[in-house]
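Coordinates in review
Chain residues, written in single-letter form:
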Amino acid sequence: MTTTPSSPMGPTADTDTASSGRGGFAARVSLGRVFAPVPSEFLLLASTALILTGFGLVMVLSATMATANASPFDTFLKQAVFAAVAIPMMFIASRMPVSFWKRIAWPALIVGLLLQLLVFVPGLGVHNDGNTNWISIAGFQAQPSEFLKLSLAVWLGFVLYRKRTLLTKWQHVFIPVVPVGALVIGTIMAGHDLGTAMIVMAILLGCLFFSGVKLRLFLLPLIGVVAAAAVFAVTSPNRMARIMSFLNVDSTDCYFADAGSCYQPLHGIWALASGGIFGLGLGNSREKYQWLPAAANDYIFAIVGEELGLIGCAVVLALFALFAVGAFHVIRKTDDPFVRIVSGGITIWIVGQALVNIGVVLRVFPVLGVPLPFMSQGGTSLMSVLLACGVLLSFARTLPVRSPLPGAPAGAVARVEPIRAGAARR
């Protein structure tokens with residue numbers, strides 16, 4: 001009787017029938033999907049997100065260890081735990097098919113809104129610095145509006161994708177996008193968080209823009225967003241004081257008048273100025289000794305400038321620029337309107353929020369209270385941004401990849417379809 005030779009490592013997939021005939025068991029394990037090539041956009045987005053997260057952990061440790069009450073590593077360890085949870089979540093999200101994000105669009109928005117409404121429940125909502133935008137459950141504090149950004153972007157992508165053939169009519173552009181968008185922004189503004197509300201407005205406008213809505217239809221929501229932001233600013237004495245201090249060029253008068261309304265912005269500028277080109281050295285910031293409020297949160301970029309100088313700031317800007325390049329490549333190369341719209345909304349959120357945060361530190365914008373994505377202290381913000389990055393990575397997997405031609409000389413490549421981006425799965 002002729003037998004088929006087996007591999008030294010055990011029976012191969014071709015011998016499983018013969019093996020089962022001898023009374024044994026055979027299993028076929030395929031690692032092709034795990035080690036399948038991924039587009040360069042995937043690698044660019046993942047690497048920049050991980051580098052920014054690691055950079056942020058180092059800066060959070062440096063900014064908080066001087067004023068820690070107990071151990072100087074307490075805040076850093078909490079942030080590190082969130083990063084250790086969020087990074088695997090990012091890669092798990094990157095394995096989800098596009099159809100998964102379409103299915104959860106409505107449930108995600110509903111859950112996000114319900115979580116946001118918890119900030120108004122007595123005993124759960126937390127009031128801080130004039131805002132009520134946090135919840136505290138069993139000692140764990142979270143900011144639901146951060147997850148609401150992602151759920152709104154996915155929902156807008158799904159709705160505009162379903163209506164892609166009807167977007168030439170204003171009725172289908174405005175309904176249900178504008179009412180639901182107004183509801184989301186209203187729940188955030190009810191907690192007096194103008195900074196987060198403006199980022200949500202930018203996500204809404206970004207999704208409309210990348211959906212291909214005609215310019216005349218896009219201008220009406222843009223005018224509405226600008227008018228709403230102006231109304232929210234004028235109706236708050238605290239916000240008006242910050243805006244007026246931003247417009248006041250006399251820094252000495254601004255510093256001592258209006259109850260020190262520009263105390264924080266000026267200390268942020270002084271931190272950047274003292275850093276110079278090369279910085280004072282990692283860990284040598286002076287402003288973090290309770291001179292600069294929110295040094296590890298909204299003003300972490302000022303600490304980067306003070307300790308690492310202009311070079312450190314340039315590295316941060318370069319990393320966000322690389323992230324933007326990878327994200328816009330996903331938007332440009334995809335053929336799926338849903339992927340394009342959601343990717344556009346997430347990109348406007350992360351890159352736009354980074355520019356706003358850095359602009360506030362540079363006094364280009366008035367103080368708005370938005371964190372620097374990936375880097376600022378705050379577990380909820382870090383988790384939401386990394387999860388949003390996971391959605392982008394999921395979409396990046398649907399792009400064509402370059403793989404070597406069998407038997408071709410080195411450097412020869414061919415365009416191939418992605419492993420799991422078939423139209424039948426959408």
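Residues numbered from 1 in each chain as written. Predicted model: local features only at pLDDT ≥ 70, side-chain atom pairs only at ≥ 80, totals over all residues. Heavy atoms only, no water.

This part is about the packing of helix α8 (residues 177–189) against helix α9 (residues 194–210). As a packed pair, α8 and α9 sit with axes 8 Å apart at the nearest point and diverge in direction by 165°. Judged by the inter-axis angle, α8 sits roughly antiparallel to α9. In terms of crossing hand, the pair formed by α8 and α9 is right-handed. Along its contact with α8, which presents V177, V184, I185, I188 and M189, the element α9 presents L194, T196, A197, V200, M201, L204 and L208. Residue composition of the contact of α8 with α9, grouped by class: eleven nonpolar, one polar and no charged. (Axes fitted to C-alpha atoms, helices over the stretch in contact; angles between N-to-C directions. Helix = DSSP H or I, 4+ residues; strand = E, 2+ residues; numbered from the N terminus. Parallel < 35°, antiparallel > 145°, perpendicular 65-115°, else oblique. Left-handed = near helix turned anticlockwise from the far one by under 90°. Contact = heavy atoms within 4.5 Å. Nonpolar A, V, L, I, M, F, W, Y, C, P; charged D, E, K, R; others polar.)

So, about the sheet that holds strand β3 (residues 140–142). Read across the sheet, three strands follow the order β1-β2-β3 without closing on themselves; strand pairing throughout is antiparallel. Among the strands making up the open sheet, the edge pair consists of β1 (125–128) and β3. With direction set aside, neighbouring strand axes in the sheet form an average angle of 40°. Bridge count between β1 and strand β2 (residues 131–137): four bridges; the pairing is antiparallel. Considered in β2, the bridge of G125 is made with I135. (Pairing = 2+ DSSP bridges.)

What follows concerns the environment of L52. Residue position: L52 is located in helix α2 (residues 40–64). L52 gets classed as buried once you look at its relative accessible area, which sits at 0%. For L52 and F320, which are 268 residues apart along the polypeptide, the C-alpha to C-alpha distance reads 8.3 Å. In this view, L52 contacts L319, F320, F374 and M375; residues no more than four positions away in its chain are not counted. (Buried < 20%, exposed > 50% of the residue type's maximum accessible area, 1.4 Å probe, protein only.)

A separate point is a nonpolar patch on the surface. A cluster of nonpolar side chains, namely W106, I110, L114, L117 and F120, defines an oily patch on the protein surface of about 480 Å² accessible area. Mapped onto the secondary structure, W106 falls in helix α5 (residues 105–117). (Patch = residues over 30% accessible without salt bridge, like charges linked within 9 Å, V, L, I, M, F, W, Y side chains within 5 Å. Areas by Shrake-Rupley, 256 points an atom, 1.4 Å probe, with all protein chains shown as cover. Salt bridge = Lys/Arg side-chain N within 4 Å of Asp/Glu carboxyl O.)

A few words now on the confidence of the model for the protein chain. Of all residues in the protein chain, 83% have pLDDT values of 70 or greater, and the mean over the chain is 84. Within the model, pLDDT remains below 50 along residues 1–21, and this stretch shows eight contacts once partners closer than five positions in the same chain are excluded. Low pLDDT, under 50, characterises residues 410–417; the predicted model gives this stretch 16 contacts beyond four residues in sequence or across chains. (pLDDT = per-residue confidence, 0-100.)

On to the nonpolar core. Counting 106 residues, the largest nonpolar core has V184, F338, I346, F374, M375 and F395 as its most contacted members. Here F395 is in contact with V98, W101, V330, F338, V339, V342 and S343, once residues within four sequence places are set aside. (Core = buried A, V, L, I, M, F, W, Y, C linked by side-chain atoms within 4.5 Å.)

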